[in-house]
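A closer look at the structure
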Amino acid sequence: MNQFRLAIFCVVLSAPAPAFAQGPTEIRPGFNLFSKEQDVQLGQETAAQVRKQTHVVNDAFLNAYVNQVGQRLANAQEAQESGFKFTFEVVADPSINAFALPGGPMFINTGLLKAVDDEAQLAGVMGHEMSHVILRHGTNQASKAELVELPVALATSGDSGSMLANLAKLGIGLGANSLLLKFSRTAESQADLMGSHLMAEAGYNPMELARFFEMLEAKTGRGGIQFLSDHPNPGNREHAIEDEADRLPQRTYGYQTGQFARMKQVVAGIHEPPPPKPKAQE
Ligand SMILES: [Zn+2]
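Our subject in this report is the structure included herewith.

What counts as what
- Residues numbered from 1 in each chain as written.
- Predicted model: local features only at pLDDT ≥ 70, side-chain atom pairs only at ≥ 80, totals over all residues.
- Heavy atoms only, no water.
- Helix = DSSP H or I, 4+ residues; strand = E, 2+ residues; numbered from the N terminus.
- Expected span 1.5 Å × (residues − 1).
- Polar contact = N/O pair within 3.5 Å; in protein donor to acceptor, adjacent residues only side chain to side chain.
- Contact = heavy atoms within 4.5 Å.
- Donors = N, O, S within 2.8 Å, 3.2 Å for Na, K, Ca; no water.
- Buried < 20%, exposed > 50% of the residue type's maximum accessible area, 1.4 Å probe, protein only.
- Core = buried A, V, L, I, M, F, W, Y, C linked by side-chain atoms within 4.5 Å.
- 1 Å grid on protein atoms, 1.4 Å probe; cavity = no way out; pocket = protein on both sides within 12 Å on 5 of 7 lines; lining within 4 Å.
- Points joined across faces, edges and corners; volume = space filled by probe spheres on them.
- Nonpolar A, V, L, I, M, F, W, Y, C, P; charged D, E, K, R; others polar.

Considering helix H6 (residues 119-134)
The end-to-end C-alpha distance of H6 is 22 Å, a good match for the 22 Å that 16 residues give at a rise of 1.5 Å each. If you check the start of H6, you find a side-chain oxygen 3.2 Å away from the backbone N of Ala-120, and it comes from Asp-118. Directly beyond the C-terminal end of H6, a positive phi value near 55° is found at Arg-136.

A look at the side chain of Glu-129
Along the chain, Glu-129 falls in helix H6. Looking at Glu-129, its side chain comes within polar contact range of the side chain of His-231, at 2.9 Å. Dropping the residues within four chain positions of it, Glu-129 is found in contact with Ala-98, Phe-99, Ala-100, Met-106, Phe-227 and His-231.

Re the coordination of the zinc ion
The zinc ion binds to the protein through His-128 (NE2), His-132 (NE2), Glu-188 (OE), Glu-188 (OE) and His-231 (ND1), with metal-donor distances spanning 1.9 to 2.6 Å. Read in sequence order, the donor residues coordinating the zinc ion give the pattern H-x3-H-x55-E-x42-H. Of this pair, Glu-188 sits in helix H10 (residues 185-202) while His-231 sits in the loop between helix H12 (226-230) and helix H13 (237-247), and the two are 43 residues apart along the sequence. Both residues of the pair, Glu-188 and His-231, count as buried.

Structural notes on unusual backbone geometry
The residue Arg-136 is not glycine, and still its phi comes out positive at about 55°. Inspection of the secondary structure assignment puts Arg-136 in the loop between H6 and helix H7 (137-144). Residue classification places Arg-136 among the buried positions, given a relative accessible area of 11%.

Description of the nonpolar core
In terms of nonpolar packing, the biggest core is built from 56 residues, with Leu-62, Phe-86, Ile-108, Leu-112, Leu-113, Met-126 and Met-130 touching the most fellow members. Per-element accounting of this core gives the leading share, eight residues, to H6. For Met-130, the contacting residues outside a window of four places in its chain are Gly-70, Leu-73, Ala-74, Ala-79, Phe-86, Phe-88, Met-106 and Leu-198. In this structure, Val-91, Leu-150, Leu-167 and Ile-172 belong to the second largest nonpolar core, which totals 19 residues.

Quick notes on empty space enclosed by the protein
Following the criterion strictly, the structure yields one cavity of 30 Å³ or more and no others. In this model, the largest cavity occupies a volume close to 50 Å³. Contributing to the lining of the largest cavity are Asp-39, Ala-100, Leu-101, Pro-102, His-132, Val-133, Arg-136, His-137, Gly-138, Thr-139, Leu-180 and Phe-183. Secondary structure elements with two or more residues in the lining of the largest cavity: H6 and H7. The element that contributes the greatest number of residues to the lining of the largest cavity is H7, accounting for three residues. Looking at side-chain class alone, the lining of the largest cavity contains six nonpolar, four polar and two charged residues.

See the structure below:
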């Protein structure tokens, strides 16, 4: 062993065990044929469609509430660095779900607002969704789908005005199994980890995201949960979030808007349209 190697060997041996955490896991967006501006355009066009096809709730208190929680998350470093502007709307829909479109528009179902046990769980789901936007998972998945027409569709969508119409021809949209909203297990792991960063910076305990997933999985036996079918469990979800929470700088959690109980009261009074009837077996 030469001197140099020996020196390194000794340094490694004598390095004290880290008192905490190595810091948050760094996660970067993957391969993408869309520009960030195209993420924004696609998200805006799709959001306009969502508003036509769903029942967006027009309640000033609920809107202010989800915006207050959402903006706190959006102030976190990784959200700020993304440059995306996030918006938050409530949809009258009993299924436990939320989704965010490329570039930032987020929709939160009343079913989710009713299901969360505390504000940190809601912030966890919103942080998870926001992370899909920051990491550009929707357009990353569309880019990886090896659609030979995609580059042409993207290059010409500026001329025809509607990116959505061009992409719909390729099957990229909001429909069943949409590439934009059905996430891979890798994307899920990343959104869990980044979501825990956003929560922690906002003052919410990331462990509440893990608790929320545990609660959802305990319920899946009774009819399935849409959130879990859009966001499949990458495996050991709770442990991964716990490990990541340990890597984060020590903080005091427990931030609350103080409006959670009132939110629960208001959302209990929102009329939700019945879910569409399943098609009769032929
Ligand atoms: Zn997800």
